[in-house]
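Chain and residue survey
Residues per chain, in single letters:
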Amino acid sequence: MTKLTVNIDHVATVRQARRIDKPDPVWAAVLAELGGADGITAHLREDRRHVSDRDMRILRQTVKVPLNMEMGLARDIIEIALEIVPDFVTLVPENRQEVTTEGGLDVAGGIGKVKDAIGRFSAKGIPASLFIDADERQIEAAAEVGAWAVEIHTGRYADAANPRERESVLEAIGNAAVSAAAKGLRVHAGHGLDCMNVSAIAAIPQVSELAIGHSIIGRAIMIGMVEAVREMKRLIEAASCR
């Protein structure tokens, strides 16, 4: 069964709009667990635009499901991850001008730096996943640097302009998932997934976990966090059982 990891970043985004202490992303994580989330993701950005160092430390002490710390390759962020020891990390590219992560990490273009970071995580017993595009070159590089998993970027699929483009991107994601699994990599997927488009990704047999945040948080405003997570879980489970 494909698992659901809920990204709580955008609860922190709302909090930071007023620079106060509410809403609390840690409490959102607890509610997501009550809704059936199989994991919690939080992205500690170098510019600390939403999730804070304190959030990460309290999440580590609070959540019972696996905690995924999403992060760039900045030295200070790596040090915090080594201190906190999340259940796993996901390395992503960061651009301070971007609204959200815009594409996959160029592992092939920075093998040395990524391999060094993974080596440090491995020494602390922290598995490392790499957020990459559905690109065979990046999959090969992920295997070369010793990644535990890859998270395939589904943004192009979610943003496709028409059904034909969506099917083409979906095929590329499926092929990438097969290739990654054949290389011994665990396969995750995420970015831009919502109740309308998640089923086709959840139905890919090699995909073991989906990372979904923005759409669940947006839905939670209308129906509550627990029910928003349950709703997404039902869709994923139905697709996984096909």
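The structure contained in this document is the topic of the report that follows.

Let's talk about the packing of aromatic side chains
Inspection of the entire model under this criterion finds one aromatic pair. Relative to Trp 148, the ring of Phe 88 lies with its centre 5.1 Å away and its plane at 55 degrees, an arrangement referred to as tilted. With Phe 88 in strand 4 (residues 88-91) and Trp 148 in the loop between helix 6 (136-144) and strand 6 (149-153), this residue pair connects regions lying 60 residues apart in the sequence.

Describing the side chain of Glu 151
Here Glu 151 shows up in strand 6. The charged side chain of Glu 151 is buried without a salt bridge, its nearest counter-charge being Arg 186 at 10 Å. Among residues more than four places away in sequence, those in contact with Glu 151 are Glu 70, Thr 90, Ser 129, Leu 130, Phe 131, Ile 132, His 188, Ala 189, Gly 190 and Ala 211.

What about the side chain of Thr 5?
Its place among the elements puts Thr 5 in strand 1 (residues 3-7). For Thr 5, a relative accessible area of 3% translates into the label buried. Among the polar contacts made by the side chain of Thr 5, one reaches the side chain of Glu 209 at a distance of 2.8 Å. With sequence-adjacent residues up to four places away left out, Thr 5 is seen in contact with Gly 39, Ile 40, Thr 41, Glu 209, Leu 210, Ala 211 and Ile 212.

Notes on helix 1 (residues 9-18)
Taken together, the buried positions of helix 1 are occupied by Asp 9, Val 11, Ala 12, Arg 15 and Gln 16. The buried side chains of helix 1 occupy one side of the element, clustering within an arc of 155 degrees when seen end-on. The outward face of helix 1, more than 90 degrees from its buried face, is lined by the exposed residues Ala 17 and Arg 18. In this fold, the buried residues of helix 1 make contact with strand 1, helix 2 (25-34), strand 2 (39-43), helix 3 (53-62), helix 10 (214-223) and helix 11 (225-240). Directly beyond the C-terminal end of helix 1, a positive phi value near 55 degrees is found at Arg 19.

Let's talk about a nonpolar patch on the surface
A contiguous nonpolar surface patch, about 340 Å² in accessible area, is contributed by Ile 221, Met 222 and Ile 223. Tracing the sequence through the fold places Ile 221 in helix 10.

Remarks on the packing of helix 2 against helix 11
Two numbers describe how helix 2 lies on helix 11: the axes approach to 8 Å, and their chain directions differ by 45 degrees. By the angle between their directions, the pair helix 2 and helix 11 is classed as oblique. Between helix 2 and helix 11 lies a crossing of right-handed hand. Between helix 2 and helix 11, the residues in contact are Ala 28, Leu 31, Ala 32 and Leu 34 and Met 225, Val 226, Val 229 and Arg 230, respectively.

With respect to the pattern of salt bridges
The full count for this structure, using the stated rule, is 14 salt bridges. A salt bridge links Arg 186 to Glu 209; its shortest N-O distance comes to 3.8 Å. You can see Arg 186 sitting in strand 7 (residues 186-190) and its partner Glu 209 sitting in strand 8 (residues 207-212), a full 23 residues away along the chain. Arg 186 gets classed as partly exposed once you look at its relative accessible area, which sits at 28%.

Describing unusual backbone geometry
With omega at -5 degrees, the peptide bond leading from Lys 22 into Pro 23 counts as cis. Relative to the helices and strands, Pro 23 is located in the loop between helix 1 and helix 2. With a phi angle near 55 degrees, Arg 19 is a residue other than glycine that sits in the positive phi range. When you line up the elements, Arg 19 lands in the loop between helix 1 and helix 2. A relative accessible area of 65% means that Arg 19 is categorised as exposed. The residue Val 85 is not glycine, and still its phi comes out positive at about 55 degrees. Overall, the relative accessible area of 29% leaves Val 85 in the partly exposed class.

What counts as what
- Residues numbered from 1 in each chain as written.
- Predicted model: local features only at pLDDT ≥ 70, side-chain atom pairs only at ≥ 80, totals over all residues.
- Heavy atoms only, no water.
- Phe/Tyr/Trp six-rings, centres within 6.5 Å; stacked < 30°, edge-to-face > 60°.
- Helix = DSSP H or I, 4+ residues; strand = E, 2+ residues; numbered from the N terminus.
- Buried < 20%, exposed > 50% of the residue type's maximum accessible area, 1.4 Å probe, protein only.
- Lys, Arg positive; Asp, Glu negative; His and termini not counted.
- Salt bridge = Lys/Arg side-chain N within 4 Å of Asp/Glu carboxyl O.
- Contact = heavy atoms within 4.5 Å.
- Polar contact = N/O pair within 3.5 Å; in protein donor to acceptor, adjacent residues only side chain to side chain.
- Arc of directions from axis to C-beta.
- Patch = residues over 30% accessible without salt bridge, like charges linked within 9 Å, V, L, I, M, F, W, Y side chains within 5 Å.
- Areas by Shrake-Rupley, 256 points an atom, 1.4 Å probe, with all protein chains shown as cover.
- Axes fitted to C-alpha atoms, helices over the stretch in contact; angles between N-to-C directions.
- Parallel < 35°, antiparallel > 145°, perpendicular 65-115°, else oblique.
- Left-handed = near helix turned anticlockwise from the far one by under 90°.

Remember, this is a structural readout, not a statement about activity or role.
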